[in-house]
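Inside the fold
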Amino acid sequence: MMPKTPLSFTLNGSETALFVDPGANLLDTLRRGAGDLTPKLGCAQGTCGACTVLIDGEPHLSCLTLAETVEGRDIATTGGLADGPDLHPLQQAFMEGFAAQCGFCTAGMLMAAKALLDRRPNPSRDEVIEAIGGNLCRCTGYEPIVDAILTAAARMQGRSA
Amino acid sequence: MRAFSYEKVKNPAGAAARAAEVANAKFVAGGTNLLDLMKLEIETPLHLIDVNGLGLDRIEGTDDGGLRIGTLVRNTALAADERVKRDYPVLTRALMAGASGQLRNKATTGGNLLQRTRCPYFYDTAMACNKRKPGSGCAAQAPGAFSRQLGVVGVSEACIATHPSDMAVAMRALDAVVETVMPEGETRAIPLADFHLLPGHTPEVETALKPGELITAVTLPAPVGGHQSYTKVRDRSSYAFALVSVALIRQPDGSGAVALGGVAPKPWRNAAADKLLPEGAKAVMAELMKDARPTEQNRYKIKLAERTLASALNEAKG
């Protein structure tokens, strides 16, 4: 058996240190190693976007990221969106707007949306559509998702949607 | 996925030397195609050499007024570079037409050139594929096979897979050159035109790279100006591979360059077709497709390519 590698990174603002097998991917490491079950395993092929997490603020596919490449970096998942009992405006808008049907794509959608709003607080509808272009919703419920992201953006800017 | 060992390397020649010395080793950068193929056990390296720490992630001017793009420059960063957007807009457009935001954040310049075909018969390990398993046959050319997305020109009896890159098609129109380093430390420059090989009888050999040879950069010559466009036709409007794509650079006098994606095992361009640009899409496409051997299912691509070019030319003429 090959020796495990020590790995440390920041997960949703907390220092995290664990040991990983050579070749472990980030998604498995977050779910099994760090116990954060919010990123989802969908296709495992880099196609569906369900495993999207932010690495240093940019959306990445954790199923195609080797864990050893995130040493020292900053990882954000949906697990860190809410502030105690207060949902993030994106979560609130998704919930109110029924932007989740089966809900499997939701975690990835939220992180792709968060990266967009961090970069462009006031996006156009087309920019929202482009930003979630790598996240597949097999229920095909895209319109409520786009609406919810625009609603959250408006609220975060202190406007009504 | 098969077990493999992993190491990080610090200098390009050292990386190439390691790849030549360790049995069944591969470089990994973004991993957006290698890791998914490893999960399917289509790629089965025993050792991965992580080249992300080589510092080859800068875009710099060259002495002749062109641009040197480090092999580790991510597709997102390349598309957003101000010099690329201003001087090589066909490249930004092609990059933004490819994959998704998440994939572009990871995918590298060199890795994009080396990505494997998305032929469904290459991906399905239960099917015959000469590229995946030399000598096993080409299930894509069996009667009734699903070949609608596959290649029409430059293909062979052994293989009709296409090269899936959008970026490479734009780079081909721009006369890009691939810079590499060998395990012994010497470097060489390979014109992109000669970088990807046609399948012939050996579809498993896809590039001119020698064992261990590492891409270090892609260079673009000085900007040529003109009207530049990238027109991609696909089954849905985002996040899909090209059925046909056209990279066009058209100068005010009607001359220029045309490269096609989605139709061949490599970005498809030739000098004779470029010369016919002033005569219009029909003449250009007759030249580019003169040796086409389409299947019944993908014959439509020849007409589609002509119409896509006609549309791009109309737009270029304003």
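Computed from a predicted structure; not experimentally measured.

**Some remarks on the interface of chain A and chain B**
Listed by partner, the interface residues are 27 residues for chain A and 24 residues for chain B. Its largest share of buried area at the contact with chain B, chain A owes to Q45(A), L64(A) and L66(A), together 29% of the area lost on that side. Linking chain A to chain B there are 1 salt bridge. Among the elements that make up the side of chain A that touches chain B, the one with the highest residue count is strand β4 (residues 58–61) of chain A (4 residues). Across the side of chain A that touches chain B, the residue classes tally to 12 nonpolar, 12 polar and 3 charged.

**Examining empty space enclosed by the protein**
To locate leftover empty space, one rolls a probe as large as a water molecule over the atoms. Inspection of every chain in the model, using the stated rule, returns 3 cavities of 30 Å³ or more. Its volume calculated, the largest cavity comes out at about 70 Å³. Partitioned by chemical class, the residues of the lining of the largest cavity number 12 nonpolar, 2 polar and 1 charged.

**Remarks on the sheet that holds strand β10 (residues 244–250) of chain B**
Residue and element names in this part refer to chain B. Taken together, 3 strands build an open sheet; the order of strands is β9-β10-β11 and the sheet is antiparallel. Across the chains shown, the open sheet's two edge strands, defined by having one partner strand only, are β9 (227–233) and β11 (256–261). Here the strands of the sheet are splayed against their neighbours by 10° on average, with no regard to which way each runs. Here β9 runs beside β10; their pairing, made up of 7 bridges, is antiparallel. From the neighbouring strand, K232 faces β10, where its bridge partner is S245. Against the sheet, helix α5 (residues 89–96) touches β9 and β10, its axis set at about 20° to β9. Against the sheet, helix α13 (residues 300–317) engages β9, β10 and β11, with an angle of about 35° to β10.

**Topic: the environment of P45(B)**
All names here are of chain B. Residue placement: P45 occurs in the loop between α2 (34–39) and β3 (47–50). The class for P45 is buried, based on a relative accessible area of 2%. For the pair P45 and K210, spaced 165 residues apart in the sequence, the C-alpha separation amounts to 17 Å. Setting aside anything within four residues of it in sequence, one finds P45 in contact with A3, F4, N24, K26 and M38.

**Looking at the pairing of strand β1 (residues 5–11) of chain A**
Residues and elements named next belong to chain A. Direction of pairing for β1 relative to strand β2 (residues 14–20): antiparallel, over a ladder of 7 bridges. Directly across from T5, in β2, lies its bridge partner V20. One ladder, built from 2 bridges, connects β1 with strand β5 (residues 74–76); its direction is parallel. Following the sheet pairing, T10 is matched in β5 by D74.

**Side note on the packing of aromatic side chains**
What the rule picks out here adds up to 1 aromatic pair over all chains. Summarising the aromatic geometry, the rings of F122(B) and Y123(B) are spaced 5.9 Å apart at their centres and angled 75° between planes, so their arrangement reads as edge-to-face.

**Concerning the domain arrangement of chain A**
One frequent convention defines the size of an interface as the accessible area lost when the parts assemble. All names here are of chain A. According to the domain assignment, chain A consists of domain 1 (5–80) and domain 2 (89–156). Distance between the C-alpha centres of domain 1 and domain 2: 21 Å. Across the boundary between the two partners, domain 1 contributes 15 residues, which contact 12 residues of domain 2. A buried area of about 1,000 Å², summed over both sides, lies between domain 1 and domain 2, and 68% of it is on carbon and sulfur atoms. Contact with domain 2 buries area across many residues of domain 1, yet T52, L54 and T78 alone supply 42% of it, more than any other trio. Viewed at the interface, domain 2 and domain 1 are joined by 0 salt bridges. The interface formed by domain 1 and domain 2 includes 2 residue pairs in polar contact (both at pLDDT 80 or more). Of the residues in the side of domain 1 that touches domain 2, the class split is 6 nonpolar, 8 polar and 1 charged.

Analysis parameters
- Residues numbered from 1 in each chain as written.
- Chains lettered and ligands numbered in written order.
- Predicted model: local features only at pLDDT ≥ 70, side-chain atom pairs only at ≥ 80, totals over all residues.
- Heavy atoms only, no water.
- Contact = heavy atoms within 4.5 Å.
- Buried area = accessible area lost by both parts, 1.4 Å probe.
- Salt bridge = Lys/Arg side-chain N within 4 Å of Asp/Glu carboxyl O.
- Helix = DSSP H or I, 4+ residues; strand = E, 2+ residues; numbered from the N terminus.
- Nonpolar A, V, L, I, M, F, W, Y, C, P; charged D, E, K, R; others polar.
- 1 Å grid on protein atoms, 1.4 Å probe; cavity = no way out; pocket = protein on both sides within 12 Å on 5 of 7 lines; lining within 4 Å.
- Points joined across faces, edges and corners; volume = space filled by probe spheres on them.
- Pairing = 2+ DSSP bridges.
- Axes fitted to C-alpha atoms, helices over the stretch in contact; angles between N-to-C directions.
- Buried < 20%, exposed > 50% of the residue type's maximum accessible area, 1.4 Å probe, protein only.
- Phe/Tyr/Trp six-rings, centres within 6.5 Å; stacked < 30°, edge-to-face > 60°.
- Domains from an automatic or database assignment.
- Polar contact = N/O pair within 3.5 Å; in protein donor to acceptor, adjacent residues only side chain to side chain.

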